[in-house]
Amino acid sequence: MAAGIKFEKRLENLLEKLPGFAEQLRSIARNPRSIGAKLESRSPWLSRQFLGAASNFVEPFLVGMGLAVESLGEEVAEVSLPGHWRNQGEGGVIHNGALSALGEFASRLYWEHHLDLRGPELYAKHVELRSLTRARGDLRGIFRWSVAGREEIQHRLRTTGEADAHVTVSVYDTSGKLVAEVDVDWQITRQLSLGTGPGVR
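Just so we're clear, the structure is a prediction, and the values are computed from it rather than from any experiment.

Chemist: Can you help me understand the confidence of the model for the protein in this one?
Modeler: A low pLDDT means the predicted coordinates there should not be read in detail. For the protein, mean pLDDT is 79; residues scoring 70 or higher make up 64% of the total. Ranking the elements of the protein by mean pLDDT puts helix 1 (residues 2-30) last, at 55, and strand 4 (residues 139-144) first, at 98. Scored below 50 in pLDDT, residues 194-201 makes 11 contacts in the model with residues more than four places away or belonging to other chains.

And the structure:
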């Protein structure tokens, strides 16, 4: 009897929390990568795993590519691309589309993480691939951006609500050889509001 009463009380507590829980689920569904920042302080490894998995939900185009977040720091975002058959073109060479997606994803991840952006606020106006040699096997896309450069972007977003950034992602093979570079022209926007102040990321 006592066990039944305890179960009923737990069920009542759960039902009371459901409206808030449902709203949290809706928020995560709208921007699942936002939870990556919360996980970072507790487990950087789990955060990277979650960010990689979230890409499959946010951007269905990337499903099956196997992109994995290797590191995400103040000045760098590093993403790996496996050399499996799904990413290959003719003759086992990594397809240009996969290389371009790797570069776009690595730089997008950086901006979304550090500027706390939602998808519609970040738009790739132009993506250009420079293939330096035939890329084979597993690859890594590395995007670097200085803290000072990021603060400049943040300042423009706070004052005008928009900023452009021309970035380059370097793609390396497992031996550390530079095999390609991906240039991305980002248009970054943010809706200005009365609550927006200098503390906004």
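Chemist: Can you help me understand the pattern of salt bridges in this one?
Modeler: Pairing between side chains becomes possible if they bear opposite charge and their charged atoms approach one another. Evaluation of the coordinates by the stated rule reveals nine salt bridges. In this structure, R150 and E74 form a salt bridge, with 2.7 Å as the shortest nitrogen-oxygen distance. With R150 in helix 5 (residues 147-160) and E74 in the loop between strand 1 (68-72) and strand 2 (76-81), the pair connects residues that are 76 residues apart, well separated along the chain. When its relative accessible area of 48% is taken as the criterion, E74 is described as partly exposed. Across the pair K125 and D164 runs a salt bridge, and its minimum N-O distance is 3.7 Å. On the criterion of sequence distance, the pair formed by K125 in strand 3 (residues 122-131) and D164 in strand 5 (residues 162-173) is long-range, its members being 39 residues apart. Connected through shared salt-bridge partners, E70, E78 and R140 make up one network.

Chemist: I would appreciate a short explanation of the packing of aromatic side chains in the present structure.
Modeler: Two aromatic rings, taken as a pair, are described by how far apart their centres are and by the angle between their planes. Summed over the entire model, instances satisfying the criterion amount to five aromatic pairs. Ring geometry for Y110 against W111: centres 5.3 Å apart, planes inclined by 80°, an arrangement best described as edge-to-face. With a relative accessible area of 0%, W111 lands in the buried category. On the basis of an interplanar angle of 25° and a centroid distance of 6.0 Å, the ring pair of F143 and W145 is categorised as stacked. Taken as a pair, F143 and W145 share a single burial class, namely buried. Taken together, the aromatic side chains of Y110, W111, F143 and W145 make up a single cluster linked through ring pairs.

How each quantity is defined
Residues numbered from 1 in each chain as written. Predicted model: local features only at pLDDT ≥ 70, side-chain atom pairs only at ≥ 80, totals over all residues. Heavy atoms only, no water. pLDDT = per-residue confidence, 0-100. Helix = DSSP H or I, 4+ residues; strand = E, 2+ residues; numbered from the N terminus. Contact = heavy atoms within 4.5 Å. Salt bridge = Lys/Arg side-chain N within 4 Å of Asp/Glu carboxyl O. Buried < 20%, exposed > 50% of the residue type's maximum accessible area, 1.4 Å probe, protein only. Phe/Tyr/Trp six-rings, centres within 6.5 Å; stacked < 30°, edge-to-face > 60°.

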